[in-house]
Amino acid sequence: MSRSLVAIYPGSFDPITNGHLDLIQRGSRLFDRLIVAILRNETKSPLFSVHERMDMLKEVVKAYPNVEVDSFDGLLVDFAAKRSAQVLLRGIRAISDYEYELQTALMNRRLRPGLETVFLLSNEAHSFISSRLVKEVFGLGGKISGLVPPSVEARLERRLSKSKRKGA
């Protein structure tokens, strides 16, 4: 009897970047099922709502039949247990990412010993991209083509034009 290998790729995805999409594409080849899970964190002030981020993600992952989009709050290990996931997928862009991700992975292992964390190194073309940096550059009028999927760039443009109208 074969067992299906289920992985969760958690994050805020505010907004999704081409770096995220690269990890999703690669993760979809490694696992039978990949759940891209948006953390609902009410203490942060995201640019996009969870619903908007889920819509954006669903749009850009529709080419991968074994990838689904969900959201969660609380402990990731509890969500992983609920979804019968054996693996957490995390991306590493730099040494600073590794230090944080290692601590998180070890805590997750302590909380749920059977849950493994798999680190994928970012593609070098995307290693400098973060959602925070994309929002900052875009908000200051910089070009973000090639950093986010075109549909996400269009949503950012609509969001920025709405906020400019409100502020005018």
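By the naming in an unreviewed UniProt entry, the protein goes by Phosphopantetheine adenylyltransferase and is assigned to Candidatus Acidiferrum panamense. Its UniProt record gives the protein a comment under Cofactor (unreviewed entry), which states: "Mg(2+)".

Student: What is the right way to read the sheet that holds strand E5 (residues 116–121) from this model?
Tutor: Backbone-to-backbone hydrogen bonds join strands into a sheet, with any given pair of strands oriented parallel or antiparallel. With parallel pairing, 5 strands are arranged side by side in an open sheet as E3-E2-E1-E4-E5. The open sheet terminates on both sides in strands that have one partner only, identified here as strand E3 (67–72) and E5. On average, adjacent strands in this sheet sit at an angle of 30 degrees to one another, irrespective of strand direction. Note: strand E1 (residues 6–11) against strand E2 (residues 33–39), 6 bridges, orientation parallel. Counted as the bridge partner of Ile8 is Ile35 from E2. The strands touched by helix H1 (residues 18–30) are E1, E2, E3, strand E4 (87–92) and E5; relative to E5, the strand with the most contacts, the crossing angle is about 125 degrees. Packed on one face of the sheet, helix H4 (residues 95–111) meets E4 and E5 and runs near 170 degrees to E4.

Student: Can you walk me through the pattern of salt bridges in this structure?
Tutor: What the rule picks out here adds up to 10 salt bridges. Between Asp70 and Arg83 there is a salt bridge; the shortest N-O distance is 2.6 Å. Within this pair, whereas Asp70 is found in strand E3, its partner Arg83 is found in the loop between helix H3 (76–82) and E4, the two being separated by 13 residues in sequence. The class of Arg83 is buried, set by a relative accessible area of 17%. Between Arg93 and Asp97 there is a salt bridge; the shortest N-O distance is 3.0 Å. The exposure class assigned to Asp97 is buried, which follows from its relative accessible area of 15%. Through salt bridges with shared partners, a single ionic network connects Arg33, Glu68, Asp70 and Arg83.

Conventions used here
- Residues numbered from 1 in each chain as written.
- Predicted model: local features only at pLDDT ≥ 70, side-chain atom pairs only at ≥ 80, totals over all residues.
- Heavy atoms only, no water.
- UniProt positions renumbered as here; feature names shortened; annotations may be inferred.
- Pairing = 2+ DSSP bridges.
- Helix = DSSP H or I, 4+ residues; strand = E, 2+ residues; numbered from the N terminus.
- Axes fitted to C-alpha atoms, helices over the stretch in contact; angles between N-to-C directions.
- Contact = heavy atoms within 4.5 Å.
- Salt bridge = Lys/Arg side-chain N within 4 Å of Asp/Glu carboxyl O.
- Buried < 20%, exposed > 50% of the residue type's maximum accessible area, 1.4 Å probe, protein only.

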